[in-house]
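# Coordinate analysis (summary)
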Amino acid sequence: MALQMQSIGVIHSPYTQATGTPIQFVYAEGTEGTVEICAPFVEGLADLEGFDRIWLLYWCHRSGSPRMRVIPYRDTREHGLFATRAPARPNPIGLSCVELVRIERHVLHIRNLDILDGTPLLDIKPYVPAFDSFRTVRTGWLTKERTGRMIADGRFHRRTE
Ligand SMILES: C[S@@+](CC[C@H](N)C(=O)[O-])C[C@H]1O[C@@H](n2cnc3c(N)ncnc32)[C@H](O)[C@@H]1O
């Protein structure tokens, strides 16, 4: 089934090429950017300023052709595409939880982004810890059985399960 979408804005960031762009927003501490929202959607920003963090869903417009098996950044072995966060996907949708610094009319000032400059924005949702976080979860191949530590967040927390 072919679906039609429209971008609701554009993301601006200091990153113009994949090399040097953080592989996840949690590694992008301090990176500043903006999101410019198109006029018909600006009214929808009402009440968003009360949230410290927002989810951005965007179209990875510069990703290559998808392959169903990939070697992700954090491993040297192949994994199924859907067990990774690789940007080249059948529908190249990216998902980043960024810090919302302030809103000026149609412009959101954000921090901690792993997104290329000029990326089309698909949607914005508020980050709500009660909905969006779980204290104990399995993290598949990102859990290194050998060391008993998790590399899922890069900070090598000890496994709890
Ligand atoms: C591993 S992906 C993760 C993206 C997102 N946080 C996610 O989990 O869906 C991050 C990489 O996507 C790439 N990227 C970001 N914006 C892109 C775009 N518009 N087109 C293609 N690649 C993009 C950058 O190279 C960045 O390092």
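Residues numbered from 1 in each chain as written. Predicted model: local features only at pLDDT ≥ 70, side-chain atom pairs only at ≥ 80, totals over all residues. Heavy atoms only, no water.

### Focus on the site of the ligand
Condition: When at least one non-hydrogen atom of a residue lies within 4 Å of a molecule or strand, that residue is treated as near it. We call two N or O atoms a polar contact when they sit within 3.5 Å, provided that within protein one can donate a hydrogen and the other can accept it, with sequence-adjacent residues counted only if both atoms are side-chain atoms. Using the Shrake-Rupley algorithm and a 1.4 Å probe, accessible areas are obtained, with residue cover drawn only from the displayed protein chains.
For the ligand, the set of nearby residues contains 22 residues, the closest of which are Pro22, Gln24, Arg85, Asp114 and Thr119. Interatomic distance of 2.9 Å between a side-chain N/O atom of His61 and a nitrogen atom of the ligand. A distance of 2.9 Å separates a nitrogen atom of the ligand from a polar atom in the backbone of Leu95. Summarising the interface, the protein chains cover 95% of the accessible area of the ligand, which totals 590 Å² for the free molecule.

### Comments concerning unusual backbone geometry
In most cases, non-glycine residues show a negative phi, while peptide bonds are predominantly trans. Let me state the cut-off plainly: Only runs of H or I of at least four residues qualify as helices and only runs of E of at least two qualify as strands under DSSP, and these elements are numbered from the N terminus.
For Asp47, which is not a glycine, the phi torsion comes out positive at approximately 75°. Assignment of secondary structure puts Asp47 in the loop between strand S2 (32-37) and strand S3 (53-59). Phi at Asn112 takes a positive value of approximately 70°, unusual for a residue other than glycine. For Asn112, the position within the fold is in the loop between strand S7 (107-111) and strand S8 (119-126).

### Details of the confidence of the model for the chain
Stated formally: Each residue carries a pLDDT score, the predictor's confidence in it, ranging from 0 to 100. The contact criterion used throughout is that any non-hydrogen atoms of two residues lie within 4.5 Å.
Averaged over all residues, the pLDDT of the chain is 90; the fraction at 70 or higher stands at 89%. Scored below 50 in pLDDT, residues 153-161 shows 20 contacts in the model against residues more than four places distant or in partner chains.

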